[in-house]
Amino acid sequence: VQMTLFIWIYLRMAEKLGLSPGDENSLIDMVLPTGAMGNLTGAYMAKQMGVPIGKLYCGVNINDITHRVIDRGEFHQQKIEKTLSEALNVEVP
């Protein structure tokens, strides 16, 4: 499901920017919120299937388990801080 969302996002952005859909010379970079990396995975899969997506950037909130795992290899549960972006509050089960 998330992959099709990013195909739709690409098509809407191409339309808004006046780009020809599928033009490999007009890549669109995307910034994504991430908790368990589902959105990032969907966007990456769409890119691998040929959707002209450029760079994929992701952001986390203060409960940054994704960043901790990638940056420092830390995969352990910590106290979860309440935030406005609750969907990103993913910790080790």
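Our structure's up above, just so we're on the same page.
This write-up is about the structure you can find in this document. What you see is a predicted model; the values in this text were computed from it and never measured.

Cut-offs used in this document
Here the residue index of a chain counts from 1 through its sequence in written order. For this predicted model, a pLDDT threshold of at least 70 governs which residues receive local features, and a threshold of 80 or more governs which side-chain atom pairs are given and counted, while totals over whole chains, interfaces and linings are taken from all residues. As a rule here, side-chain values come from all non-hydrogen atoms in the structure, and water together with hydrogens is ignored. All axes are obtained by fitting lines to C-alpha atoms, using only the stretch in contact for helices, and the reported angles, taken between N-to-C directions, cover 0 to 180 degrees. Starting at the N terminus, helices and strands are each numbered in turn, a helix being any DSSP run of H or I of at least four residues and a strand any DSSP run of E of at least two. Each crossing gets its hand from how the near helix is turned against the far one by less than a right angle, where anticlockwise is left-handed and clockwise is right-handed. Only heavy atoms matter for contacts: two residues are in contact if any of them lie within 4.5 Å across the pair. Residues belong to a common nonpolar core when they are buried Ala, Val, Leu, Ile, Met, Phe, Trp, Tyr or Cys residues joined through side-chain atoms within 4.5 Å. Exposure categories follow from relative accessible area, calculated using a 1.4 Å probe and restricted to protein chains: below 20% of the type maximum is buried, above 50% is exposed, and the middle band is partly exposed. Basic side-chain nitrogens of Lys or Arg form a salt bridge, by our definition, when they fall within 4 Å of a carboxyl oxygen of Asp or Glu. Strand pairing requires that DSSP identify at least two bridges connecting the strands. What a helix is expected to span follows from its residue count: subtract one and scale by 1.5 Å. Here the arc refers to the directions that run from the helix axis out to each C-beta atom.

## A short note on the packing of helix H1 (residues 2–17) against helix H2 (residues 38–48)
No. 1: Running from N to C, H1 and H2 point in directions that differ by 65 degrees, and their axes come no closer than 7 Å. Between H1 and H2 lies a crossing of right-handed hand. On the side of H1, the interface is formed by Gln2, Met3, Phe6 and Ile7, while H2 contributes Gly38, Asn39, Gly42, Ala43, Met45 and Ala46.

## A word on the nonpolar core
No. 1: One finds Phe6, Tyr10, Ala14, Ile28, Met30, Leu32, Leu40, Ala43, Ala46, Val51 and Ile53 forming the largest nonpolar core, which totals 11 residues.
No. 2: Among the elements of the structure, H1, strand E1 (28–33) and H2 are those that each provide at least two residues to this core.
No. 3: With sequence-adjacent residues up to four places away left out, Tyr10 is seen in contact with Ser20, Pro21, Gly22, Asp23, Ser26, Ile28, Met30, Val51 and Pro52.

## Things to note about the pattern of salt bridges
No. 1: Scanning the model with the defined rule gives 5 salt bridges in all.
No. 2: Residue Arg72 is joined to Asp71 by a salt bridge in which the shortest nitrogen-to-oxygen separation is 3.8 Å.
No. 3: Exposure remark for Arg72: the relative accessible area of 45% places this residue in the partly exposed category.
No. 4: Among the charged side chains, a salt-bridge network with shared partners connects Asp71, Arg72 and Glu74.

## With respect to the pairing of strand E2 (residues 53–59)
No. 1: Summarising the sheet, E1 and E2 pair through 5 bridges and their orientation is parallel. The residue of E2 that forms the bridge with Met30 is Leu56.

## Quick notes on H1
No. 1: Taking 1.5 Å per residue as the helical rise, H1 with its 16 residues ought to reach 22 Å, and the 22 Å between its terminal C-alpha atoms agrees with that figure.
No. 2: Taken together, the buried positions of H1 are Phe6, Tyr10 and Ala14. Along the axis of H1, the buried residues cluster in a sector spanning 75 degrees; they form a single face. H1 presents Glu15 and Lys16 as exposed residues on the side facing more than 90 degrees away from its buried surface.
No. 3: On the buried face of H1, the contacting elements are E1 and H2.
No. 4: Positioned one or two residues after H1, Gly18 has a phi angle of 70 degrees, which is positive.

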